[in-house]
Amino acid sequence: MTTKSFGVGDHVTWNSEAGRVSGTITKVITSEIEFKGYKVHASKDEPQYEIKSDRTTLRCTRARR
């Protein structure tokens, strides 16, 4: 099975509790950090992504799935 790698500037979409969301990756996270008061568990093998929403000024983190 092949998994896609994502990078800064990539446009992505995903399903959230609020429905379909899209945005642009602003940062690839490869180590554990704190983001908006939550621990984000990430590594080089399992990165997380900081994403700026297309419709709002909000930023969030997401894992590749």
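Residues numbered from 1 in each chain as written. Predicted model: local features only at pLDDT ≥ 70, side-chain atom pairs only at ≥ 80, totals over all residues. Heavy atoms only, no water.

Thoughts on the pattern of salt bridges
It is possible for side chains bearing opposite charge to pair when their charged atoms get close. Within this structure, the stated rule accounts for 1 salt bridge. With its nearest N and O atoms 3.7 Å apart, the salt bridge here joins Glu 32 to Lys 39. Accessibility expressed as a relative area gives 45% for Glu 32, which makes it partly exposed. (Salt bridge = Lys/Arg side-chain N within 4 Å of Asp/Glu carboxyl O. Buried < 20%, exposed > 50% of the residue type's maximum accessible area, 1.4 Å probe, protein only.)

Observations concerning the confidence of the model for the protein chain
The pLDDT averaged across the protein chain works out to 83; a share of 83% of its residues lies at or above 70. The element-level mean pLDDT for the protein chain is lowest in strand E6 (residues 59–63), coming to 64, with strand E2 (residues 19–29) highest at 90. (pLDDT = per-residue confidence, 0-100. Helix = DSSP H or I, 4+ residues; strand = E, 2+ residues; numbered from the N terminus.)

Overview of the environment of Glu 32
When you line up the elements, Glu 32 lands in the loop between E2 and strand E3 (33–35). Taking the C-alpha atoms as reference points, Glu 32 and Ser 43, 11 residues apart in sequence, are found 7.1 Å from one another. Excluding its chain neighbours within four sequence positions, the residues that come into contact with Glu 32 are Lys 39, Val 40, His 41 and Ala 42. Side chain to side chain, Glu 32 and His 41 meet in a polar contact 2.9 Å long. (Contact = heavy atoms within 4.5 Å. Polar contact = N/O pair within 3.5 Å; in protein donor to acceptor, adjacent residues only side chain to side chain.)

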